[in-house]
Amino acid sequence: MPDHEPTPIEQITQLTLQHYERSAEQFFAGTIDHDVSQNIAALLDAIEAPAPFHLLDLGCGPGRDLKTFAALGHHAVGVDGSARFAEMARAFSGCEVWQQDFVELDLPAQRYDGVFANASLFHVPAAALPQVLLDLRACLKPGGVLFSSNPRGDNREGWNGPRYGSYHDWPAWQAFMVAAGFLPLGHYYRPPGLPREQQPWLASVWRKPVE
């Protein structure tokens, strides 16, 4: 915990994390069978480095996708702000997992071929998002790939029960990502095969330029 009075952004993230701490087992049971193979493929297919890849699962939760990446032969590390999730993810996936708040990331520079941010970055308040994206860009190798999937909306943010969320549309999300120095590779809406009004998730894939 910080040794200073929390800023408004720190208060937001702490309260959201407290929700996940309280509901960790229920969350795991409710999400373990979710099919995100489309998203995993979108990340892995865009990486141009030789396999196995070094991957960062941002907001790894209890470790469902970490376990998938490891089973595919990649070197995956998880990051989550919830201590309980980090503990569960280590046990479930066998991977290294760090407990870090997204607004206070401390990541190794140019370490990863890919960052998988599945249903995680929407918890970052819009005011904090530019720095978080710069932190993620810095941890990627040149040419590395960032995948994100977030609930889409009309660019409003606020509390949804005990969790804080920022709900961006495609133009707004694209503007954040391009401002952070990412190149767009493509985007799509989920679940696949449904009318747009029944596709609440906006997924997108981005590359860090080779400088």
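Up top is the structure.
Anyway, here's the lowdown on the structure attached to this text. Since the structure is predicted, the reported quantities are computational estimates derived from the model, not experimental observations. (Residues numbered from 1 in each chain as written. Predicted model: local features only at pLDDT ≥ 70, side-chain atom pairs only at ≥ 80, totals over all residues. Heavy atoms only, no water.)

**Section: the overall build of the protein**
Looking only at helices and strands, the protein has seven helices and nine strands in total. In summary, the protein has a C-alpha radius of gyration of 16 Å against a globular reference of 17 Å for 211 residues, a match within 12%. Across its three principal axes, the protein shows a C-alpha extent of roughly 45 × 40 × 35 Å. Looking at the protein as a whole, 51% of its 211 residues qualify as buried. Considering only contacts within the protein whose residues lie at least 6 apart along the sequence, 67% involve residues at least 24 apart. Of the roughly 9900 Å² of accessible surface on the protein, a fraction of 54% belongs to carbon and sulfur atoms. (Helix = DSSP H or I, 4+ residues; strand = E, 2+ residues; numbered from the N terminus. Rg over C-alpha atoms; globule rule 2.2 N^0.38 Å. Buried < 20%, exposed > 50% of the residue type's maximum accessible area, 1.4 Å probe, protein only. Contact = heavy atoms within 4.5 Å. Areas by Shrake-Rupley, 256 points an atom, 1.4 Å probe, with all protein chains shown as cover.)

**Side note on the packing of helix α6 (residues 129-139) against helix α7 (residues 170-179)**
Viewed as axis vectors pointing N to C, α6 and α7 meet at an angle of 55°, and their least axial separation amounts to 9 Å. On the basis of their axis angle, the class for α6 and α7 is oblique. Crossing of α6 over α7 shows right-handed handedness. On the side of α6, the interface is formed by Leu-129, Pro-130 and Leu-133, while α7 contributes Trp-173, Phe-176 and Met-177. Its residues assigned to classes, the contact of α6 with α7 shows six nonpolar, no polar and no charged. (Axes fitted to C-alpha atoms, helices over the stretch in contact; angles between N-to-C directions. Parallel < 35°, antiparallel > 145°, perpendicular 65-115°, else oblique. Left-handed = near helix turned anticlockwise from the far one by under 90°. Nonpolar A, V, L, I, M, F, W, Y, C, P; charged D, E, K, R; others polar.)

**What about the sheet that holds strand β4 (residues 112-118)?**
The strand order across the open sheet formed by seven strands is β3-β2-β1-β4-β5-β9-β8, and the pairing between neighbours is mixed. Each edge of the open sheet is held by one strand with a lone partner, namely β3 (96-99) and β8 (183-190). In this sheet, adjacent strand axes meet at a mean angle of 15° when their direction is disregarded. (Pairing = 2+ DSSP bridges.)

**Details of the packing of helix α4 (residues 64-71) against helix α5 (residues 83-93)**
The interhelical angle for the contact between α4 and α5, taken along N-to-C directions, is 30°, at an axis separation of 9 Å. Judged by the angle between their axes, α4 and α5 are roughly parallel. Helix-helix and strand crossings are classified by hand; for α4 and α5 the assignment is right-handed. Contacts between α4 and α5 involve Arg-64, Leu-66 and Lys-67 from the former and Ala-89, Phe-92 and Ser-93 from the latter. The residue makeup of the contact of α4 with α5, split by class, is three nonpolar, one polar and two charged.

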